[in-house]
There are 2 protein chains.
Amino acid sequence: MTVTPVPVSSVPAWDDEADVVIAGYGIAGAAAAVEAARTGAEVLVLERTGSWGGAAAMAGGFIYLGGGTPIQKACGFGDSVENMAAFLNAAMGPGADEKRIADYCEHSVAHFDWLVECGVVFKPEFFAEPGWEPMGDQGLMYSGGENSYPFNTIATPAPRGHVPQMQDKKQGEASAGFMLMKPLVETATAAGARARYDVRVQALVVDDGRVVGIRARQYGAEVHIRARRGVVLAMGSFAYNEAMVAQYAPRIAGRPAASVEQHDGQAIRMAQALGADLAHMDATEVAIFVDPQQLVRGILVNERGQRYVAEDTYPGRVGQLTLYHQNNTAYLIIDGDAQEEAMAAPSPGLMMRPATWVADSIADLESEIGLPPGSLQSTVAAFNDAAARGEDPLLHKKAQWIKPIGTPVGAIDLRESTGGFTLGGLMTTLDGEVLHVSGEPIPGLFAAGRCTAGLAAWGYASGVSLGDGSFYGRRAGRSAAR
Amino acid sequence: MTVTPVPVSSVPAWDDEADVVIAGYGIAGAAAAVEAARTGAEVLVLERTGSWGGAAAMAGGFIYLGGGTPIQKACGFGDSVENMAAFLNAAMGPGADEKRIADYCEHSVAHFDWLVECGVVFKPEFFAEPGWEPMGDQGLMYSGGENSYPFNTIATPAPRGHVPQMQDKKQGEASAGFMLMKPLVETATAAGARARYDVRVQALVVDDGRVVGIRARQYGAEVHIRARRGVVLAMGSFAYNEAMVAQYAPRIAGRPAASVEQHDGQAIRMAQALGADLAHMDATEVAIFVDPQQLVRGILVNERGQRYVAEDTYPGRVGQLTLYHQNNTAYLIIDGDAQEEAMAAPSPGLMMRPATWVADSIADLESEIGLPPGSLQSTVAAFNDAAARGEDPLLHKKAQWIKPIGTPVGAIDLRESTGGFTLGGLMTTLDGEVLHVSGEPIPGLFAAGRCTAGLAAWGYASGVSLGDGSFYGRRAGRSAAR
């Protein structure tokens, strides 16, 4: 199906219409719908699947917020707009969009308030264990390595991963993201937003350079939906578009994760066809498939047997550094005691991994893994030597996790054990207008969420996608309704 | 100046016209001009500066060719199409375009013959020293790490860096790239191609979706040039467009090198404005500013004092790995004897660097550099231990360069010592047609050279840019003339 823009003159008839037409009912679409509808505009959301939710409803539900939110305060953490920005400028780069980060941080507390006012509930309780997400219904957690090296030397550590409360959460069941989406969709509906499901958006309809509608397919037939004021694209990433991944982010090819198949890049293509500009197309979130309770208790080495990242930082950073800098090859060296401790630790434990190899000496383990002779021995000797003094001069792991590696010792094979989703997309103004390569906004076209380039360039923190998706979704909705 | 496409109806009058209009008179433009003119088409080349040449005329002149060229044979090197492709698929990836590589390798010998027939002279002599380019007028050199680890385990090593002969070449003077451009431009001129200089191309003129001309400025006035059959964009990379670099390749920001200021990304913008697709926008060539005669004689360590690349591989690979994987931070550890040897070695020597720090022991050097305590000592101990046996189990440096590090010992500070140019750009067919995001060619629009995504995705080898620029420049010229 072609993404080539459709001239309005070739539209046979409008099948539906609204002031603001939003494509995609995930986090960005829902936030846009609430704000557009609240201005009094007539709002129609087109969703490809049979229901609202998108990737957000299946996600862990982190929203990256700070600068002194009520939850941060209740949990005893100090933070400021400047401190939050200092962290994000370092952690989202190289290449981070400093203006967008400044804007986001400045209005972060107000965005928290808006979410609460929409009915999202955050429990003022801090989850302190290593992990990908809270084990229970705690509302706050470190989610970007704020309290780990090197970021703890750049900004004052403050947790900013805010998680909607899900009572009686069971391991592996449902998700906090659902508890974010449900109140937002209910709020949008109460404000008058209408939704049309099973609609597959295909191309933009244009009238003399202005976007005035959408061509889509529904139940096998072509439909044309008129947007009297504006179209908001909120259709997610391109993680599931193999051709685009090969062109723009080949290193994540074959390993989409924390994403949904609807993330086919169509929104990006449709806007590109109109001359829209792009940014950070190679940027991706990268998870590493091992439990953080294990990570913090071991030492992670690359294919040369060398350590390369503080094992107690944000596991998504471990994932990025492993995939991009270490040839997607890593081994977690963990001794028997540490492995037992990890297994017994309070954590969701879904990514807990058994040792791939076990040996009675580092030399034997090195040889079993197939690492260069002497490499792992030299690494462990240096680590143990400093660890005996409670230090980690190489990578500054926190003291609580420093312990010499003993025997028997195992290694967890983490080759090709990463996956993630794309972060790049359409260039937008801070008001959610889609920018043409000429530098001017494309009239009538707005976008938010993972089909746009957001806060992250090279780095990432959990909560950034639901964060910028909801934040700039609101902006896009308001702009489109104008 | 806007890149928004100009409807033909708004063109007041054509100021000039030809069958094929080529924008840019560097390597891709010259190759396109020769081939288009030889079909009998009327050809006009628009060049922004006052003369032909582009980045090519200032370059070292490498053209990456193989599969058994007469020069390879004369120098005693076996090669095949399959062997060349095996190397390129490994060295240009992850994400290398295998179809393009297969195409390029298959016709590589014929492309060599074509260059010779156009008057380019290659001297059948091999240059065997470590270096960025031959010291004299030798015509063949390793230019991509073909004979180094890991590529020497993937394909049979064969040098493929073909360099046009420049007699009486003096260090730092002129360039072999000039000796490539001169005969090509003479050939194009003899075939009837006309050139118009000081023309700054700005936007494409379109008629119902077809590209029919170019809007440009010349001596302060707007001019419109009609292209009866096709426009070929050959305007170089976006290395000097700060905004585009920030959006697409932020890690190379602030360090353009081996590039010219005319590489402003305008061709990419103009085509994007028509919905053209892009690829590999984050890919860059990266040079590291140190003499390879020094590199091979030292050990290169990162900010953790760890080795990470065989020091005797292609220095451009060392540059990429340093910039992208090692936080643009490296130190070359080289002892007094090795430094003396390097200084006395036959090499252009323009990048020879004095030691930044000198010490009587590795421990002292480690502390002077500010490396983590014990890190460099552990690395050198392991290296020396294996070097005493003539081995490098960690990185497989070639035996001829393995020698234990003695004292006094120095370190060359290679922090922030990289630079390069962008490799990404427009998606094109193997016939040089520019692809729309819909997957279809944009009628009347062709492109080649560094404004297109070529052979390289993540990796690089010297000669790939003049190689794919000339090769696909020819294709684009022929296609446009049809």
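It should be emphasised that the depicted structure is a prediction, and the values quoted were computed from it without experimental measurement.

Quick word on the overall build of chain A
Of the regular secondary structure elements, chain A holds 14 helices and 20 strands. Relative to the globule expectation of 23 Å for 482 residues, the C-alpha radius of gyration of chain A, 23 Å, shows essentially globular dimensions. Considered along the principal axes of its C-alpha atoms, chain A spans approximately 75 × 45 × 40 Å. Each of the 482 residues in chain A was classed as buried or not, and the buried ones make up 64%. A separation threshold of at least 6 residues defines the contact pool for chain A, and within that pool the share at least 24 residues apart is 75%. Put simply, chain A shows about 16,200 Å² of open surface, and 50% of that area lies on carbon and sulfur atoms.

Overview of helix 12 (residues 362-369) of chain B
All names here are of chain B. Within helix 12, the full set of buried residues consists of I362, L365, E366 and I369. For helix 12, the angular spread of the buried residues around the axis is 100°, confining them to a single face. At its buried positions, helix 12 is contacted by strand 14 (331-335), strand 15 (357-359), helix 13 (375-387) and strand 16 (409-413). Count one or two residues on from helix 12 and you reach G370, which has phi positive near 95°.

Notes on unusual backbone geometry
Of the consecutive residues T407(A) and P408(A), the connecting peptide bond is found in the cis state with omega at -5°. The omega torsion across G93(B) and P94(B) is 0°, close enough to zero to call that bond cis. When you line up the elements, P94(B) lands in the loop between helix 3 (81-91) and helix 4 (98-106). One non-glycine residue, A258(A), lies in the positive phi region at around 50°. Take A258(A): it is sitting in the loop between helix 7 (242-248) and helix 8 (266-272). Despite not being glycine, E416(A) has its phi angle at roughly 50°, a positive value. Its place among the elements puts E416(A) in the loop between strand 16 (409-413) and strand 17 (418-419). For E416(A), a relative accessible area of 53% puts it in the exposed group.

With respect to the sheet that holds strand 6 (residues 161-162) of chain A
Two modes of strand pairing occur in sheets, parallel and antiparallel, and in both the strands are linked by backbone hydrogen bonds. Residues and elements named next belong to chain A. As summarised here, the arrangement of the three strands in space is 4-6-5, forming an open sheet in which the pairing is antiparallel. Unpaired on one side and paired on the other, strand 4 (63-64) and strand 5 (140-141) mark the two borders of the sheet. The pairing of strand 5 with strand 6 spans two bridges and is classified as antiparallel. From the neighbouring strand, M141 faces strand 6, where its bridge partner is G161.

A word on the relation of the copies chain B and chain A
For the pair chain B and chain A, the relating rotation is 180°, the translation along its axis is 0.0 Å, and the fit reaches an RMSD of 0.0 Å. Considering both components of the superposition, the chain copies are consistent with a two-fold axis. Residue by residue, 100% of the interface of chain B is reproduced at the interface of chain A, so both copies engage with the same surface.

Considerations on the state of the cysteines
Applying the stated rule across the entire model yields zero disulfides over all chains. No disulfide involves C105(A); its nearest neighbouring cysteine sulfur is the one of C75(A), lying 19 Å away.

Remarks on the pattern of salt bridges
Residues and elements named next belong to chain B. As enumerated under the stated definition, the model contains 63 salt bridges over all chains in all. In this structure, the salt-bridge partner of D264 is R48, at a minimum N-O distance of 2.7 Å. With D264 in the loop between helix 7 (242-248) and helix 8 (266-272) and R48 in the loop between strand 3 (43-46) and strand 4 (63-64), this residue pair connects regions lying 216 residues apart in the sequence. Among the residues examined, R48 registers a relative accessible area of 26% and is labelled partly exposed. Where E391 meets R389, a salt bridge forms, and the shortest distance between an N and an O atom there is 3.5 Å. Residue classification places R389 among the partly exposed residues on the basis of a relative accessible area of 48%.

Focus on the sheet that holds strand 16 of chain A
Residue and element names in this part refer to chain A. If you walk across this open sheet you meet the four strands as 13-14-16-15, and the pairing is antiparallel. The open sheet has two edge strands with one neighbour each: strand 13 (299-301) and strand 15 (357-359). Each adjacent strand pair in this sheet contributes to an overall mean axis angle of 25°, direction not counted. Pairing between strand 14 (residues 331-335) and strand 16: five bridges, direction antiparallel. Each residue of the ladder has a partner; that of Y331, found in strand 16, is D413. Strand contacts of helix 11 (residues 336-344): strand 14 and strand 16, with the helix running at about 95° to strand 14, the strand carrying the most contacts.

Quick notes on the interface of chain B and chain A
Of the residues lining the interface, 41 residues belong to chain B; the matching set on chain A comes to 41 residues. A buried area of about 3,200 Å², summed over both sides, lies between chain B and chain A, and 53% of it is on carbon and sulfur atoms. In this structure, the connection of chain B to chain A is made through four salt bridges. Between R251(A) and D282(B) there is a salt bridge whose closest N-O contact spans 3.1 Å. Contributions of two or more residues to the side of chain B that touches chain A are made by helix 7, helix 8, strand 11 (278-279), helix 10 (315-325) and helix 13 of chain B. The element contributing the most residues to the side of chain B that touches chain A is helix 7 of chain B, with three residues. Tallied by class, the residues present in the side of chain B that touches chain A amount to 21 nonpolar, 14 polar and six charged.

Brief notes about the environment of N147(B)
Residue and element names in this part refer to chain B. Structurally, the position occupied by N147 is in the loop between strand 5 (140-141) and strand 6 (161-162). Judged by relative accessible area, which is 21%, N147 ranks as partly exposed. C-alpha separation for the pair N147 and T356, spaced 209 residues apart in sequence, amounts to 30 Å. In this view, N147 contacts Y142, N152, P157 and K398; residues no more than four positions away in its chain are not counted.

Considering the domain arrangement of chain A
As a measure of interface size, the accessible area lost when the parts come together is often cited. Residues and elements named next belong to chain A. Assigned domains of chain A: these are domain 1 (1-285 + 421-482) and domain 2 (290-419). Placing a centre on the C-alpha atoms of domain 1 and another on those of domain 2 gives a separation of 35 Å. Taken together, the 29 residues of domain 1 in the interface contact 29 residues of domain 2. Where domain 1 abuts domain 2, roughly 2,500 Å² becomes buried across the two surfaces, and 60% of that area is made up of carbon and sulfur atoms. Taken as a group, W132, R255 and W458 account for 28% of the area that domain 1 buries against domain 2, more than any other trio of residues on that side. A salt bridge links R255 to E416; the nearest nitrogen and oxygen atoms lie 2.3 Å apart. Where domain 1 meets domain 2, there are eleven residue pairs in polar contact (both at pLDDT 80 or more).

A short note on the packing of aromatic side chains
Each aromatic ring pair is specified by the distance between its two centres and by the angle formed by the two planes. All names here are of chain A. A complete count under the given rule lists 28 aromatic pairs over all chains for this structure. Summarising the aromatic geometry, the rings of F471 and Y472 are spaced 4.7 Å apart at their centres and angled 70° between planes, so their arrangement reads as edge-to-face. Here F471 matches Y472 in class, with each residue buried. Three or more aromatic residues joined by ring pairs form one cluster here, namely Y64, F87 and F151. For R100, the ring lying beneath its charged end belongs to Y472, and the centroid distance is 4.7 Å.

Examining the pairing of strand 8 (residues 199-207) of chain B
All names here are of chain B. With respect to burial, strand 8 is a largely interior element, seven of its nine residues being buried. As defined by bridge partners, strand 1 (residues 6-7) adjoins strand 8 across two bridges and the pair is classed as parallel. Opposite V6, over in strand 8, you have V205 as the bridge partner. In terms of strand pairing, strand 8 meets strand 9 (residues 210-218) through eight bridges, oriented antiparallel. Residue A203 lies in a different strand from strand 9, and its bridge partner there is R215. Hairpin geometry of strand 8 and strand 9 is characterised by an intervening segment of two residues between the two adjacent antiparallel strands and by a positive phi of about 55° at D208.

Concerning the side chain of T418(A)
All names here are of chain A. On the secondary structure map, T418 appears in strand 17. Accessibility expressed as a relative area gives 3% for T418, which makes it buried. At 2.8 Å, the side chain of T418 forms a polar contact with the side chain of N328. Contacts of T418, omitting those with residues within four sequence positions, involve R255, V286, A287, I288, F289, G319, L323 and N328.

Some points on helix 3 of chain B
If you check which residues of helix 3 of chain B are buried, you get N83(B), M84(B), A85(B), F87(B), L88(B) and A91(B). Where helix 3 of chain B is buried, its residues contact strand 4, helix 4 and helix 5 (108-117) of chain B.

The rules behind these values
- Residues numbered from 1 in each chain as written.
- Chains lettered and ligands numbered in written order.
- Predicted model: local features only at pLDDT ≥ 70, side-chain atom pairs only at ≥ 80, totals over all residues.
- Heavy atoms only, no water.
- Helix = DSSP H or I, 4+ residues; strand = E, 2+ residues; numbered from the N terminus.
- Rg over C-alpha atoms; globule rule 2.2 N^0.38 Å.
- Buried < 20%, exposed > 50% of the residue type's maximum accessible area, 1.4 Å probe, protein only.
- Contact = heavy atoms within 4.5 Å.
- Areas by Shrake-Rupley, 256 points an atom, 1.4 Å probe, with all protein chains shown as cover.
- Arc of directions from axis to C-beta.
- Pairing = 2+ DSSP bridges.
- Least-squares fit on C-alpha atoms with pLDDT ≥ 70 in both.
- Disulfide = S-S within 2.5 Å.
- Salt bridge = Lys/Arg side-chain N within 4 Å of Asp/Glu carboxyl O.
- Axes fitted to C-alpha atoms, helices over the stretch in contact; angles between N-to-C directions.
- Buried area = accessible area lost by both parts, 1.4 Å probe.
- Nonpolar A, V, L, I, M, F, W, Y, C, P; charged D, E, K, R; others polar.
- Domains from an automatic or database assignment.
- Polar contact = N/O pair within 3.5 Å; in protein donor to acceptor, adjacent residues only side chain to side chain.
- Phe/Tyr/Trp six-rings, centres within 6.5 Å; stacked < 30°, edge-to-face > 60°.
- Lys NZ or Arg CZ within 6 Å of the ring centre and 35° of its normal.

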